[in-house]
Amino acid sequence: MKTYIKLLGFVLIAGTAITTSCDKVTYPNVIITDLDTNIFPGNFIDYDYPTFEENTNTEKNVVIADYTGHKCNFCPPAAEAAEAVADANPGRVFIASIHASAEPGGAGSFQAVDEDFPRDFTNPQGLEMASEFYSLGVGFGGNPRGNVNRVPDEDGLFFSFAVEWSAKTDEVLETPLNVNLQAKSNYYAETGGVFLHVETDFINDLEGNYNIVVYAIENSFVSPQKQPDGSTDEDYVHHDIHIGNVFEETWGRGIASGSTAAGTKVSTDFSYTLPEGLTNDDMHFLVLVFNRETYEIEQVIKHAF
């Protein structure tokens, strides 16, 4: 038997008709939801909530989290290494370039902004992740470093140098798929907002606490970047830039805890207002489900909207 759980959805209190001898009183519909209903260009009661077909995917995907900085000389080769792995595994490997450093607070000198490096690529969620991973001692010792689905090695470390990402990715892609994801969305250019709806399908029995989180990713941006020879490339193209998490939640929100039976499905709804100057052509989402205790990512999908 499949179990269906609905989180952050729409709760509709239907209008009730009360009839007297002459008059009919109709109470209004009330919507209780965490979604920003101002995104919808109309009366939210008319919003057409999507449904999902059976998810037939059988493949596990990977996200390479590349912790980088625009003043980090050796970060461009790491970015190239991540892109090479993604190019070799189209549709299964995705990148999140997170501008944050290995120190308390996550904002190191590699992230500093000045007249020569004017864009602040950092965001609170990226900085919090970097700070926590640094404090945990999971291999995040500096930039560039990255992780592949935050899968630990035999020493419990899940950060590594870029030279290791390809082999680690190959290993993770061959591991069993425990969680499936699919997403649908509605984007409204007139309000600059999007509703994102995700279905999480637990394929196998799992133990532990699992969270869902959505990364907002800017596709590319041209801005100065330090190079390995010490020079600055003024026209460097930064790719797959992590610009924050939906709902501004660093670790997302819980969708399962304790024992979760195979066949359990969880529906989660998100709303997001795009940063000024960006449209849906400029960005995409990465949707992740991970073990909140170990941080290991079970599945990730890319969703363009």
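The structure we're discussing is the one just above.
All values reported here derive from a predicted model rather than from experimental measurement.

Q: Break down the packing of helix α1 (residues 75-88) against helix α3 (residues 165-173) for me, citing the residues and quoting the values.
A: Interaxial distance between α1 and α3 falls to 10 Å at its minimum, and their mutual angle equals 30°. One element, α1, and the other, α3, form an angle in the roughly parallel class. For the crossing formed where α1 meets α3, the hand is right-handed. Here Ala78, Ala82 and Val85 of α1 lie close against α3, whose contacting residues are Trp165, Ser166 and Thr169. For the contact of α1 with α3, the per-class residue count stands at four nonpolar, two polar and no charged.

Q: Run through the state of the cysteines, naming residues and quoting values.
A: Put plainly, a disulfide is one covalent bond tying together the sulfur atoms of two cysteines. In this structure the tally under the stated criterion is one disulfide. Each sulfur in the disulfide pair Cys72 and Cys75 lies 2.2 Å from the other. Because the torsion about its S-S bond is 85°, the bridge between Cys72 and Cys75 counts as right-handed. Both residues of the pair, Cys72 and Cys75, belong to the buried class.

Q: Got a sec to walk through the packing of aromatic side chains? Specific residues and values, please.
A: Across all of its chains, the model carries 24 aromatic pairs by this definition. A centroid spacing of 5.6 Å and a plane angle of 85° characterise the contact between Phe40 and Tyr47, whose relative ring orientation is edge-to-face. For the pair shown, Phe40 and Tyr47 are each scored as buried. For the pair Trp251 and Tyr295, a centre-to-centre distance of 5.4 Å together with 65° between the ring planes defines the contact as edge-to-face. Note that Trp251 is positioned in the loop between β15 (237-245) and β16 (253-256) and Tyr295 in the loop between β19 (283-291) and β20 (297-303), a separation of 44 residues in sequence.

Q: Go over α3 with me, naming the residues and quoting the values.
A: Among the residues of α3, Trp165, Thr169, Val172 and Leu173 are the ones counted as buried. With its buried residues spanning 95° around the axis, α3 presents them on a single face.

Q: Please set out a negative patch on the surface residue by residue, giving values where relevant.
A: On the surface, Glu115, Asp116, Glu234 and Asp235 cluster together into a patch of negative charge. Among the secondary structure elements, Asp116 is positioned in the loop between β7 (93-99) and α2 (124-136).

Q: Let's hear about the pairing of strand β9 (residues 179-188): which residues, and what values?
A: Relative to strand β10 (residues 193-202), β9 is paired through 10 bridges, and the arrangement is antiparallel. Each bridged residue has a counterpart across the sheet, and for Ser185 the counterpart in β10 is Leu196.

Q: Can you break down the side chain of His284 residue by residue, with the values?
A: Residue placement: His284 occurs in strand β19. His284 sits in the buried class, given a relative accessible area of 3%. Among the polar contacts made by the side chain of His284, one reaches the side chain of Asn219 at a distance of 2.8 Å. Setting aside chain neighbours within four positions, we find His284 in contact with Tyr215, Ala216, Ile217, Asn219, Asp240, Lys302, His303, Ala304 and Phe305.

Q: Residue-level account of the pattern of salt bridges, with values.
A: A side chain with one charge may pair with a side chain of the opposite charge, provided their charged atoms come close. Summed over the entire model, instances satisfying the criterion amount to seven salt bridges. In this structure, Lys60 engages Glu298 in a salt bridge whose closest nitrogen and oxygen atoms are separated by 3.9 Å. In this pair, Lys60 sits in the loop between β5 (30-32) and β6 (62-68) while Glu298 sits in strand β20, placing the two residues 238 residues apart along the sequence. For the pair Lys60 and Glu298, one class covers both residues: buried. Salt bridges sharing common partners tie together Asp34, Glu249 and Arg253.

Q: So what's going on with the pairing of β7? Residues and values would help.
A: Most of β7 is tucked away: seven of the seven residues are buried. Alternating positions in β7 separate into two faces, Val93, Ile95, Ser97 and His99 on one and Phe94, Ala96 and Ile98 on the other, with burial throughout. Direction of pairing for β6 relative to β7: parallel, over a ladder of seven bridges. Its bridge partner lying in β7, Tyr67 is registered against Ile98. Of the crossover connections in this fold, the one passing from β6 over α1 to the parallel β7 is right-handed.

Calculation notes
- Residues numbered from 1 in each chain as written.
- Predicted model: local features only at pLDDT ≥ 70, side-chain atom pairs only at ≥ 80, totals over all residues.
- Heavy atoms only, no water.
- Axes fitted to C-alpha atoms, helices over the stretch in contact; angles between N-to-C directions.
- Helix = DSSP H or I, 4+ residues; strand = E, 2+ residues; numbered from the N terminus.
- Parallel < 35°, antiparallel > 145°, perpendicular 65-115°, else oblique.
- Left-handed = near helix turned anticlockwise from the far one by under 90°.
- Contact = heavy atoms within 4.5 Å.
- Nonpolar A, V, L, I, M, F, W, Y, C, P; charged D, E, K, R; others polar.
- Disulfide = S-S within 2.5 Å.
- Buried < 20%, exposed > 50% of the residue type's maximum accessible area, 1.4 Å probe, protein only.
- Phe/Tyr/Trp six-rings, centres within 6.5 Å; stacked < 30°, edge-to-face > 60°.
- Arc of directions from axis to C-beta.
- Patch = residues over 30% accessible without salt bridge, like charges linked within 9 Å, V, L, I, M, F, W, Y side chains within 5 Å.
- Areas by Shrake-Rupley, 256 points an atom, 1.4 Å probe, with all protein chains shown as cover.
- Salt bridge = Lys/Arg side-chain N within 4 Å of Asp/Glu carboxyl O.
- Lys, Arg positive; Asp, Glu negative; His and termini not counted.
- Charge placed at Lys NZ, Arg CZ, Asp CG, Glu CD.
- Pairing = 2+ DSSP bridges.
- Polar contact = N/O pair within 3.5 Å; in protein donor to acceptor, adjacent residues only side chain to side chain.
- Right-handed = clockwise from strand over helix to strand, strands pointing away.

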